[in-house]
Amino acid sequence: MESEDVVAADGHRERIVAAAARLLAEGGPDAVSTRAVSAAAGVQPPAIYRLFGDKEGLLDAVVADGFTAYLTSKTARKPTDDPVEDLRAGWDLHVGLGLANPALYTLMYGRYRPGTPSPAALAAFEVLAAHIRRIAEAGRLRVPEDRAADLVHAAGCGTTLTLIATPEGRRDPELSRTAREAVIAAIATDAPVAPAPGPVAAAVTLRAVLPRTDALTAPERGLMEEWLNRIADPG
């Protein structure tokens, strides 16, 4: 009996999320009311509260499912030998997600919830951080990883939200490419740094590959990371 209840709950969840996603795409967040979703999904309103807690929980589930489906469809593209080129592709995919699914994207990045980003936005940031780490490991990152990831995130989100807010016929087709290249120029080099790089670039690179070494004890690795942090970001 318990397993049947679990299956039923999963079935309800899928129908509710699918119904909410349709309403979101058609009418935006205001269209995703408990009454409208329960009617579209063919369930009673208490089922929504039991499975998602409240409307915010339901919207988080819709965003997470939508982003997961999108990300899964795009991860067939295998990483190349050029991590900066892969970052370019990731930027374009990010902007493409926003323009193809403006209501979904705005929920991910446009809701004002200080200190509580959506789970989908956190997952997206982890993907971005992995791109940045590969650039650092290749010796091509100019700035600390955290700053690079934050800069790409801020510029990418700002560009996408600006394009979403602009009527399609008035969008500048070069805006995304120009912003992308400006950010990449600020954080990355065209090729691996020279054999005698400056201390900041060297520290950024060494810090990125430090987890790969087993020559240091845990305390030694922690001390080394602290030193590298101070060199990489003296400010």
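Scroll up for the structure.
Model, not experiment: these values are computed from the prediction.

1. With respect to helix 3 (residues 45–52)
- Turning to helix 3, its buried residues number three or more, namely A47, I48 and F52. Buried residues of helix 3 fall within an arc of 100 degrees about the axis and therefore sit on the same side. In helix 3, those exposed residues whose orientation departs by more than 90 degrees from the buried face are P46 and R50.
- Backbone geometry just after helix 3 places G53 at a positive phi near 85 degrees.

2. Thoughts on the packing of helix 5 (residues 83–100) against helix 9 (residues 175–187)
- In the contact formed by helix 5 and helix 9, the axes pass within 11 Å of each other and the chain directions differ by 145 degrees. Seen from above, helix 5 lies across helix 9 with right-handed handedness. Contact residues: V84, L87, R88, W91, D92 and V95 in helix 5; S176, A179, R180, E181, V183, I184 and I187 in helix 9.
- Of the residues assigned to the contact of helix 5 with helix 9, the class counts are 8 nonpolar, 1 polar and 4 charged.

3. Structural notes on the layout of surface pockets
- Counted as a void, the largest pocket has a volume near 620 Å³.
- Lining the largest pocket are 30 residues, with L71, G90, L93, V127 and H131 sitting closest to its centre.
- Contributions of two or more residues to the lining of the largest pocket are made by helix 4 (55–74), helix 5, helix 6 (102–109), helix 7 (119–137) and helix 8 (145–165).
- Counting residues per element, the lining of the largest pocket draws most heavily on helix 5, at 9 residues.
- Tallied by class, the residues present in the lining of the largest pocket amount to 19 nonpolar, 6 polar and 5 charged.
- What the second largest pocket holds in volume is close to 310 Å³.
- R133, E145, D146, R207 and E225 are, among the 16 residues lining the second largest pocket, the residues nearest its centre.
- Broken down by secondary-structure element, the contributors of at least two residues to the lining of the second largest pocket are helix 7, helix 8 and helix 11 (218–232).
- Classifying every residue of the lining of the second largest pocket gives 6 nonpolar, 1 polar and 9 charged.

4. Notes on the nonpolar core
- Of all hydrophobic cores here, the largest spans 31 residues; its most connected members are I16, V32, V37 and L58.
- Elements that contribute at least two residues to this core include exactly helix 1 (2–27), helix 2 (34–41), helix 3, helix 4, helix 6 and helix 7.
- Broken down by element, this core gets its largest block of residues, 7 residues, from helix 4.
- The residues contacting V32, other than those within four sequence positions of it, are A20, L23, L24, V37, K55, L58 and L59.
- Counting 25 residues, the second largest nonpolar core, distinct from the first, contains W91, V95, V204 and A232.

5. Considering the packing of aromatic side chains
- One pass over the full model with this rule turns up 1 aromatic pair.
- With a centroid separation of 4.7 Å and 40 degrees between ring planes, the pair formed by Y105 and Y109 is classed as tilted. Of the two residues, Y105 and Y109 are both situated in helix 6; the distance of 4 residues between them amounts to about one turn of the helix. Residue Y105 shares its accessibility class with Y109, and that shared class is buried.

6. Structural notes on the packing of helix 7 against helix 8
- The geometry of helix 7 relative to helix 8 is characterised by a closest axis approach of 9 Å and an angle of 130 degrees between their N-to-C directions. In this view, helix 7 runs oblique relative to helix 8, as classed from their interaxial angle. Helix 8 is crossed by helix 7, and the crossing has right-handed handedness. On the side of helix 7, the interface is formed by F125, L128, I132, R133 and A136, while helix 8 contributes E145, A148, A149, D150, V152 and H153.
- A breakdown of the residues in the contact of helix 7 with helix 8 according to their chemical character gives 7 nonpolar, 1 polar and 3 charged.

7. A word on helix 6
- Summarising burial for helix 6: 6 of the 8 residues are buried, a large majority.
- Looking only at helix 6, the buried set comprises A103, L104, Y105, L107, M108 and Y109.

8. Looking at the environment of L24
- With respect to the helices, strands and loops of the structure, L24 is situated in helix 1.
- Between the alpha carbons of L24 and P102 there is a distance of 9.8 Å; along the sequence they are 78 residues apart.

9. Overview of the pattern of salt bridges
- One pass over the full model with this rule turns up 9 salt bridges.
- E145 is paired through a salt bridge with R133; the nearest N and O atoms lie 2.7 Å apart. Of this pair, E145 sits in helix 8 while R133 sits in helix 7, and the two are 12 residues apart along the sequence.
- Look at E145 and you get buried, because its relative accessible area is 11%.
- The partner of R177 in a salt bridge is E174, with the nearest N and O atoms 2.6 Å apart.

The rules behind these values
- Residues numbered from 1 in each chain as written.
- Predicted model: local features only at pLDDT ≥ 70, side-chain atom pairs only at ≥ 80, totals over all residues.
- Heavy atoms only, no water.
- Buried < 20%, exposed > 50% of the residue type's maximum accessible area, 1.4 Å probe, protein only.
- Helix = DSSP H or I, 4+ residues; strand = E, 2+ residues; numbered from the N terminus.
- Arc of directions from axis to C-beta.
- Axes fitted to C-alpha atoms, helices over the stretch in contact; angles between N-to-C directions.
- Left-handed = near helix turned anticlockwise from the far one by under 90°.
- Contact = heavy atoms within 4.5 Å.
- Nonpolar A, V, L, I, M, F, W, Y, C, P; charged D, E, K, R; others polar.
- 1 Å grid on protein atoms, 1.4 Å probe; cavity = no way out; pocket = protein on both sides within 12 Å on 5 of 7 lines; lining within 4 Å.
- Points joined across faces, edges and corners; volume = space filled by probe spheres on them.
- Core = buried A, V, L, I, M, F, W, Y, C linked by side-chain atoms within 4.5 Å.
- Phe/Tyr/Trp six-rings, centres within 6.5 Å; stacked < 30°, edge-to-face > 60°.
- Parallel < 35°, antiparallel > 145°, perpendicular 65-115°, else oblique.
- Salt bridge = Lys/Arg side-chain N within 4 Å of Asp/Glu carboxyl O.

Worth remembering: the numbers are spatial, not functional.
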